[in-house]
Amino acid sequence: MAKESSNGSTWAVSLTNFLDSGSIVAGASGLTLWQKSFGLSDFDVGLLGALSANAFGSALGAIIGGRLSDKYGRKMIYTYDMLIYMLGTLIVVFSVNFPMLLLGFLVTGIAVGAGVPASWTYIGETSGDTNRAHNIGISQFAWSMGPVIIFVSGTLLAPLGLLGSRLLFAFLTVVAFIAWNLQKKLPESQDWIDQKKKDLESTVENHPYRDLFANMISVKSILFLCGVYVFWNLVAGAMGFFMPFVYETVGGLNNTQANMLQAVLWIFTALAGYFGFALLGDKVNHRSFFFIGASMAVISWVILTYIGFGWAALLAFVIIWGISAGIGAQAWYALWAVELFPTKYRAGSQGFMFFIVRGTAGIWSIVFPIILSTLGFKIAGTAMIALLLVSLIVGILWTPKTRGKTLSQITKERYGDEQD
């Protein structure tokens, strides 16, 4: 029987995605200010990116949160996760040295990582077969609005210097408090409740991860989804944290220009996420739709890498990348990661994959600034293009046929009746 999640619950859960991207961008928009104030080296800057919500911090949170979400319920994550997030952002607000700042970024990242697999799982499980992509698109819209609001706010607060960056994290703390109050009131996912009843009736007690990695269908799904999302996120993750830094150091823009350029990019991402993915994802051919978004991502980086940082090229880059990000790999990953795994390890599998995704982004966050400073932007940009091409090829070759089907139907087709 089809399920229809209320708009209220979808928006409440999607605040997790808003806070994910918001925390990444809040750190990125003031990166040069933190660097000057605390006298940070290039390695310190890379470490901030690596341990933040953009990388290792969220990777650690995901591997923990995904497993807890399958074992104790999606609601358990929503009851406590935002409290940890608020702790992390408050540490950043009151940071007086680099170790304290690093700790704040790490704690915030752990909270983000724990919440994202649970949020996409909850949205997918409480959606109907004809509005699953629509609801994932709403979460994508929320993910995009985080940077829009943070970059615009960062620009308005720029005259305050480092105090402005602290105020951005204070704002995220307030939003997290609102999200916590909304999310802790949500009902538990009925799919999870039904699965727990089956587990209690079963005489076989297998660890979900053992089942996950023992099943070749699941292993192939992990490889496919990592192929689509890991390589795309290496580019998007570096952009989320370092792009203002690139605009300023390579393109010669000032901090205000860099932040506003990113705000324009994220506005187009938000618009594409809602008017593109949310409105069309349940209606059009998934392979063709994925190809359009993935191709635009490649084109945007070809423009920036080989045409340069003139204003025409910069505007073309932010518009084309912005649209591609709204309908691109992250939205498809969020949808397919819910669809391609059975309920008993749906969140855990996402936690494992998100660990890989953000963990590799952490390594790249250390490597990317070094490549940028030693080999130059053209080499770094060419590497970005190659990564995006891998994601494109994997996605169009092995696009799953899940449109219009219930989660139960997809699970039966892929795993048989025993996994339903």
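Keep in mind the model is a prediction, meaning the values are calculated, not measured.

About the criteria used
- Sequence order as written defines the numbering, with residues in each chain counted from 1.
- Selection of residues for local features in this predicted model requires a pLDDT of at least 70, selection of side-chain atom pairs for listing and counting requires 80 or more, and totals for whole chains, interfaces and linings are taken over all residues.
- Where side-chain values are given, they derive from all heavy atoms of the structure, hydrogens and water being excluded.
- Secondary structure counts use DSSP, requiring at least four H or I residues in a row for a helix and at least two E residues in a row for a strand, with both numbered from the N terminus.
- Here the expected length of a helix is defined as 1.5 Å per residue gap, with one fewer gap than residues.
- Only protein chains enter the area calculation, which uses a 1.4 Å probe; residues under 20% of their type maximum are buried, those over 50% are exposed, and those in between are partly exposed.
- Definition of a polar contact: a pair of N or O atoms within 3.5 Å, with one able to donate and the other able to accept a hydrogen when the atoms are protein atoms, and with sequence-neighbouring residues admitted only if both atoms are side-chain atoms.
- Note on patches: the residues involved have over 30% relative accessible area and no salt bridge, like charges join within 9 Å, and the nonpolar side chains Val, Leu, Ile, Met, Phe, Trp and Tyr join within 5 Å.
- Throughout, the Shrake-Rupley method with a 1.4 Å probe supplies accessible areas, and for residues the shown protein chains are the sole cover considered.
- Should a side-chain nitrogen of Lys or Arg be within 4 Å of a carboxyl oxygen of Asp or Glu, the pair is scored as a salt bridge.
- Within this scheme, the nonpolar core is defined by two criteria: the residues are buried Ala, Val, Leu, Ile, Met, Phe, Trp, Tyr or Cys, and they are joined through side-chain atoms within 4.5 Å.
- Working rule for contacts: check all heavy atoms of both residues, and any pair within 4.5 Å makes them a contact.

Visitor: Talk me through helix α6 (residues 98-125); I want residue IDs and the actual numbers.
Guide: Between its first and last C-alpha, α6 extends 41 Å over 28 residues, near the 40 Å set by a 1.5 Å rise per residue. Most of α6 sits inside the fold, with 23 of its 28 residues counted as buried. Two or three places before M100, at the start of α6, stands the capping residue N97, its side-chain oxygen 2.9 Å from that residue's backbone nitrogen.

Visitor: Summarise a nonpolar patch on the surface; cite the residues concerned and give the values.
Guide: On the surface, I267, L271, F275, L279 and L280 cluster together into a nonpolar patch covering about 420 Å² of accessible area. Counting through the fold element by element, L279 comes out in helix α12 (residues 255-280).

Visitor: Any chance you could break down the environment of I327 for me, citing the residues and the numbers?
Guide: Considering the arrangement of structural elements, one finds I327 in the loop between α14 (311-326) and α15 (329-339). Given a relative accessible area of 6%, I327 falls into the buried group. Expressed as a C-alpha distance, the spacing of I327 and A270, which sit 57 residues apart in the sequence, is 9.5 Å.

Visitor: Describe the nonpolar core, listing the residues and the values that go with them.
Guide: Core analysis: the biggest nonpolar cluster contains 119 residues, and Y247, W301, F317 and W321 have the highest contact counts within it. Sorting elements by how many residues they give to this core places helix α11 (residues 216-249) first, with 18 residues. Here Y247 is in contact with G252, L253, A258, L261, Q262, L265, F309, L314, F317 and V318, once residues within four sequence places are set aside.

Visitor: For helix α17 (residues 377-397), give the residues involved together with the corresponding values.
Guide: The first and last C-alpha atoms of α17 sit 31 Å apart over 21 residues, in line with the 30 Å expected at 1.5 Å per residue. Within α17, burial applies to F377, A380, G381, M384, I385, L387, L388, S391, L392, V394 and G395. Looking at the buried positions of α17, the neighbouring elements they touch are α11, α13 (286-306), α14, α15 and α16 (346-374).

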